[in-house]
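Chain residues, written in single-letter form:
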Amino acid sequence: MKSTLNSKEYVTFARRFVKDLVEDMEIEELRSIVSDRIHEEIQEQENTFGQEGAFEEMIGWSEDIFHSVARDFELEFEGV
């Protein structure tokens with residue numbers, strides 16, 4: 001049995017692993033993972049570019065939801 005793969009085999013292996021893993025997960029577990037990852041991405045943008053960067057990341061995920069939440073916080077954005 002081997003313990004390494006060539007590059008092409010590794011990509012195929014990794015994709016199959018992720019596919020099988022995700023198919024085996026419960027919906028709440030998937031939501032938790034996605035939620036954590038989105039928080040991390042937004043935080044990275046805020047750390048690098050401030051709130052403007054964080055807001056742009058949020059808009060990238062969903063402009064409609066961003067504007068809905070922004071209204072609840074009485075935020076206004078020109079040209080966004």
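Quick look at the structure, then. Not measured: the values here are computed from a predicted model. (Residues numbered from 1 in each chain as written. Predicted model: local features only at pLDDT ≥ 70, side-chain atom pairs only at ≥ 80, totals over all residues. Heavy atoms only, no water.)

On to the overall build of the chain. Check the secondary structure of the chain and you find three helices and zero strands. Along the chain, from the amino end to the carboxyl end, the secondary structure elements read α-α-α. By the compact-globule yardstick of 12 Å for 80 residues, the chain is too spread out, its C-alpha radius of gyration being 19 Å. Here the C-alpha coordinates of the chain stretch approximately 60 × 30 × 20 Å along the principal axes. The proportion of buried residues among the 80 residues of the chain is 11%. For the chain, the exposed surface amounts to about 7,300 Å²; the carbon and sulfur share of it is 53%. Both charge centroids of the chain, one from 8 positive and one from 21 negative side chains, sit 16 Å from each other. (Helix = DSSP H or I, 4+ residues; strand = E, 2+ residues; numbered from the N terminus. Rg over C-alpha atoms; globule rule 2.2 N^0.38 Å. Buried < 20%, exposed > 50% of the residue type's maximum accessible area, 1.4 Å probe, protein only. Areas by Shrake-Rupley, 256 points an atom, 1.4 Å probe, with all protein chains shown as cover. Lys, Arg positive; Asp, Glu negative; His and termini not counted. Charge placed at Lys NZ, Arg CZ, Asp CG, Glu CD.)

What follows deals with the environment of Phe 55. Secondary-structure assignment places Phe 55 in helix H2 (residues 27–61). Residue classification places Phe 55 among the buried positions, given a relative accessible area of 18%. Distance in space between the C-alpha atoms of Phe 55 and Glu 76 is 12 Å, their sequence separation being 21 residues. Residues contacting Phe 55, with those up to four places away along its chain left out, are Phe 66, Leu 75 and Phe 77. (Contact = heavy atoms within 4.5 Å.)

This next bit is on a nonpolar patch on the surface. Together, Leu 5, Tyr 10, Val 11, Phe 13, Phe 17, Val 18, Leu 21 and Val 22 make up an exposed nonpolar region whose accessible area comes to about 730 Å². Residue position: Val 11 is located in helix H1 (residues 7–24). We classify Val 11 as partly exposed; its relative accessible area is 40%. (Patch = residues over 30% accessible without salt bridge, like charges linked within 9 Å, V, L, I, M, F, W, Y side chains within 5 Å. Salt bridge = Lys/Arg side-chain N within 4 Å of Asp/Glu carboxyl O.)

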